[in-house]
Amino acid sequence: MLFNRQLTAEQRLTKAVVAIMGNPKYVALSGVLMLGSKRIETDDAKCPTAYTNGRDEVYGEKFVNELSDPELRFVILHECYHKLYRHLTTWRHLYDQNAQCANMACDYVINQKIADDNQQ
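As a starting point, this report considers the structure included with it.

Quick look at the pattern of salt bridges
Step number 1: All told, the structure shown has 8 salt bridges when counted by the stated rule.
Step number 2: A salt bridge links Asp 56 to Arg 55, with the shortest nitrogen-to-oxygen separation between them at 2.6 Å.
Step number 3: A residue is classified by how much of its surface remains accessible, and Asp 56, at 16% relative accessible area, is buried.
Step number 4: Across the pair Asp 96 and Arg 92 runs a salt bridge, and its minimum N-O distance is 3.5 Å. One end of the pair is Asp 96 and the other is Arg 92, both in helix 6 (residues 92-97) and 4 residues apart, which spans about a single turn.
Step number 5: Overall, the relative accessible area of 56% leaves Asp 96 in the exposed class.
Step number 6: On the basis of relative accessibility, which here comes to 39%, the residue Arg 92 falls in the partly exposed class.

Encoded structure:
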C-alpha cells in the first residue's frame, strides 16, 4: 500500500534535479547540475528565494514549498545557467559597479534561454 506523504523541500529539490538530468533537452547540463552543493535555507531573511555563489546553490525553504514542480525545475535550471555561464566571475566588474543591475541583466539572458528552449 502506498502512502501519500508530502515531500520535504530537500526531497523536492533532489527529485527536480533528477528530473532535469533525465530530460534529453538538459542531459548535457548534468555535470553543471552536480557541481557544488545544494541546500535548503530555513531562514527566509537569509534566502527569500534562491541564489548561487557560482558553485553552490541555496534555496529558501518557504520559496521551494510554494513552487509547483515545473516552477521548481525552472528555478534550478536558472541557477545552473548562472554557474554554466560563469556570471559571477565573467561579469564581476559589472557586479562591482551595480550588483542589482548586473544580476537583472544576467537573469534576463537566462530566463530567455529557458523560455526559448521550452517553446512548443
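What follows picks up the thread again.
Here we look at helix 4 (residues 69-84)
Step number 1: Between the first and last C-alpha of helix 4 there are 22 Å, a value that for 16 residues agrees with the 22 Å anticipated at 1.5 Å per step.
Step number 2: Taken together, the buried positions of helix 4 are Leu 72, Val 75, Ile 76, Leu 77, His 78, Glu 79, Cys 80, Tyr 81, His 82 and Lys 83.
Step number 3: At the exit of helix 4 stands Arg 86, carrying a positive phi of roughly 55°.

As for the pairing of strand 3 (residues 57-60)
Step number 1: Residues Glu 57 and Tyr 59 line one face of strand 3 and the alternating positions Val 58 and Gly 60 line the opposite face, and both faces are buried.
Step number 2: Sheet topology places strand 1 (residues 38-41) next to strand 3; 4 bridges connect them, and they run parallel. The residue of strand 3 that forms the bridge with Arg 39 is Val 58.
Step number 3: With 3 bridges connecting them, strand 2 (residues 50-52) and strand 3 associate as antiparallel partners. Residue pairing across strands places Thr 52 opposite Glu 57, the latter belonging to strand 3.
Step number 4: From the end of strand 2 to the start of strand 3, which pair antiparallel, there are 4 residues, and Gly 54 there has a positive phi angle of about 100°.

Scoring rules and cut-offs
Residues numbered from 1 in each chain as written. Predicted model: local features only at pLDDT ≥ 70, side-chain atom pairs only at ≥ 80, totals over all residues. Heavy atoms only, no water. Salt bridge = Lys/Arg side-chain N within 4 Å of Asp/Glu carboxyl O. Buried < 20%, exposed > 50% of the residue type's maximum accessible area, 1.4 Å probe, protein only. Helix = DSSP H or I, 4+ residues; strand = E, 2+ residues; numbered from the N terminus. Expected span 1.5 Å × (residues − 1). Pairing = 2+ DSSP bridges.

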